[in-house]
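Working through the structure, step by step
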Amino acid sequence: MSEMDDLAAFAVLIEAGSFTLAAQQLGCSKGQLSKRISLLETRFCVVLLQRTTRRLSLTAAGAALLPQAQALVVQVERARQALARLKDDMAGPVRMTVPVSLGETFFDGALLEFSRQYPEVQIELELNNHYRDLSRDGFDLAIRSEVANDERLVARPLLAWHEMTCASPAYLERFGEPLTPQALAEHRCLLNSHYSGREEWLYHQQHELTRVRVSGPFASNHYNLLKKAALTGAGIARLPSYLLQEELADGRLRWLLRNYQTRSMPMYLVHPYQGGLPKRTQVLADYLMGWFKRSGEALDRL
């Protein structure tokens, strides 16, 4: 036992008033407790107690030491309570709503990795492209591409993604690689039916805008379906950069027209405004900020 443990035992003994009660509270025998008090007296070279068969009396040295020992017990209890509150705040659900394609992409990466580090946090993830009122619908976090002027919400920039033109090596071997945006008009393009102008793709280079009319065999409002079609060699797709890190890194898709700029869009991590987030929500928010930063840096290196 340490000197601090012996000081705490001394305080407990005086509070209990007997070696028997104090030993029960400390989970040790009377003999062990008596030995700890004797060791404390030996260290300080003083006598702390006058022992009789009926009562314990403090010496002058014991009376001087008692307030310090009692303060130590109070500090230990405060530390224990603080850790208990932290544990309670870290355990429980965090409800989160995110766009469908983004959620499908990072769920098996970021959130599973987070869950291994914080198994006591229960993440409830909703994939939804529609606006949800976080306070009314009971969500703790959201990822959004647009932030309304709502004083009830706090928005933190999470990532900025841009559309990347890509195709599989099999498609390029069969149909050739377009070296300019204009060449896309002769290719099989996979269209995003979510946008009204899906048949017109825009590219920028040195402040010059190029509009290209494209067509192809397949259209969908779901980014992951378009990516799967591109992976099978069905055509050329324009997809968000956050969807493509693995496929570009391992060569299953190739990034085309890299010297041309395409549409970009910021995304934000949003939560309701309040004095302080629960620890489990704050930890998840900070983790996602770091995870997307690392993912963006990895994509920039491709």
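Residues numbered from 1 in each chain as written. Predicted model: local features only at pLDDT ≥ 70, side-chain atom pairs only at ≥ 80, totals over all residues. Heavy atoms only, no water.

The protein has the name LysR family transcriptional regulator in an unreviewed UniProt entry, where Pseudomonas wuhanensis is given as its organism. Entered under Sequence similarities (unreviewed entry) in the UniProt record, the comment concerning the protein runs "Belongs to the LysR transcriptional regulatory family." (UniProt positions renumbered as here; feature names shortened; annotations may be inferred.)

Take the confidence of the model for the protein next. Confidence in the prediction of the protein, expressed as mean pLDDT, is 86, and 95% of residues score 70 or more. Mean pLDDT across the secondary structure elements of the protein bottoms out at helix H4 (residues 60-90), with 74, and peaks at helix H7 (residues 169-175), with 97. (pLDDT = per-residue confidence, 0-100. Helix = DSSP H or I, 4+ residues; strand = E, 2+ residues; numbered from the N terminus.)

With that settled, consider helix H1 (residues 3-16). Helical periodicity: at 3.6 residues per turn, an α-helix aligns residues three or four positions apart in one direction. Here H1 is 14 residues long and its end C-alpha atoms lie 20 Å apart, about the 20 Å a rise of 1.5 Å per residue gives. When we look at burial in H1, the residues that qualify are Asp6, Leu7, Ala9, Phe10, Ala11, Val12, Leu13 and Ala16. Just downstream of H1 lies glycine 17, where phi reads positive at about 85°. (Expected span 1.5 Å × (residues − 1). Buried < 20%, exposed > 50% of the residue type's maximum accessible area, 1.4 Å probe, protein only.)

This next bit is on the packing of helix H2 (residues 19-26) against helix H3 (residues 30-44). The geometry of H2 relative to H3 is characterised by a closest axis approach of 9 Å and an angle of 95° between their N-to-C directions. Considering their axes alone, H2 and H3 lie roughly perpendicular with respect to each other. For the pair H2 and H3, the contacting residues are Phe19, Thr20, Ala22, Ala23 and Leu26 in the first and Lys30, Leu33, Ser34 and Ile37 in the second. Looking at the contact of H2 with H3, its residues break down into six nonpolar, two polar and one charged. (Axes fitted to C-alpha atoms, helices over the stretch in contact; angles between N-to-C directions. Parallel < 35°, antiparallel > 145°, perpendicular 65-115°, else oblique. Contact = heavy atoms within 4.5 Å. Nonpolar A, V, L, I, M, F, W, Y, C, P; charged D, E, K, R; others polar.)

The next subject is the environment of histidine 130. Within the secondary structure, histidine 130 is located in the loop between strand E4 (121-127) and helix H6 (134-137). Residue classification places histidine 130 among the exposed residues on the basis of a relative accessible area of 62%. A sequence separation of 106 residues divides histidine 130 from glutamine 24, and the C-alpha atoms of the two residues are 61 Å apart.

Where H1 meets H2, the closest approach of the two axes is 8 Å, and the angle between their N-to-C directions is 130°. The angle between the axes of H1 and H2 places the two elements in the oblique class. Note on packing geometry: the crossing formed by H1 with H2 is right-handed. Between H1, through Ala9, Val12, Leu13 and Ala16, and H2, the contact on the second element is made entirely by Phe19, Leu21, Ala22, Gln25 and Leu26. For the contact of H1 with H2, the residue count by class is eight nonpolar, one polar and no charged. (Left-handed = near helix turned anticlockwise from the far one by under 90°.)

Here the focus is the nonpolar core. Residues Met96, Phe106, Ile143, Leu288 and Phe292 are the most contacted members of the largest nonpolar core, which totals 40 residues. Only strand E3 (92-98), helix H5 (100-117), strand E5 (141-144), strand E6 (153-167), helix H8 (223-231), strand E11 (236-240), strand E13 (264-272) and helix H10 (279-300) provide two or more residues apiece to this core. It is H10 that contributes the most residues to this core, nine residues altogether. Here phenylalanine 106 is in contact with Met96, Val98, Leu111, Ile143, Leu288, Trp291 and Phe292, once residues within four sequence places are set aside. (Core = buried A, V, L, I, M, F, W, Y, C linked by side-chain atoms within 4.5 Å.)

A complete count under the given rule lists seven aromatic pairs for this structure. Taken together, a centroid distance of 6.5 Å and an interplanar angle of 75° make the contact between tryptophan 161 and tyrosine 223 edge-to-face. One end of the pair, tryptophan 161, is in strand E6; the other, tyrosine 223, is in helix H8, with 62 residues separating them in the sequence. Put simply, the rings of Phe114, Tyr118 and Tyr287 touch in pairs and so form one group of aromatic residues. The ring of phenylalanine 139 carries the charged tip of arginine 95 above its face, separated from the ring centre by 4.2 Å. The ring of tyrosine 203 carries the charged tip of arginine 238 above its face, separated from the ring centre by 4.8 Å. (Phe/Tyr/Trp six-rings, centres within 6.5 Å; stacked < 30°, edge-to-face > 60°. Lys NZ or Arg CZ within 6 Å of the ring centre and 35° of its normal.)

Another point: the pattern of salt bridges. For the coordinates displayed, the defined rule picks out 15 salt bridges. Where arginine 132 meets aspartate 137, a salt bridge forms, and the shortest distance between an N and an O atom there is 3.0 Å. Each member of the pair, arginine 132 together with aspartate 137, is buried. The salt bridge involving aspartate 250 is made with arginine 252; its shortest N-O contact spans 2.9 Å. By relative accessible area, arginine 252 is classed as partly exposed at 37%. (Salt bridge = Lys/Arg side-chain N within 4 Å of Asp/Glu carboxyl O.)

For threonine 210, the location among the structural elements is in strand E9 (residues 208-213). Given the relative accessible area of 12%, threonine 210 is considered buried. Discounting chain neighbours no more than four positions away, the residues touching threonine 210 are Pro181, Gln182, Trp201, Leu202 and Tyr203.

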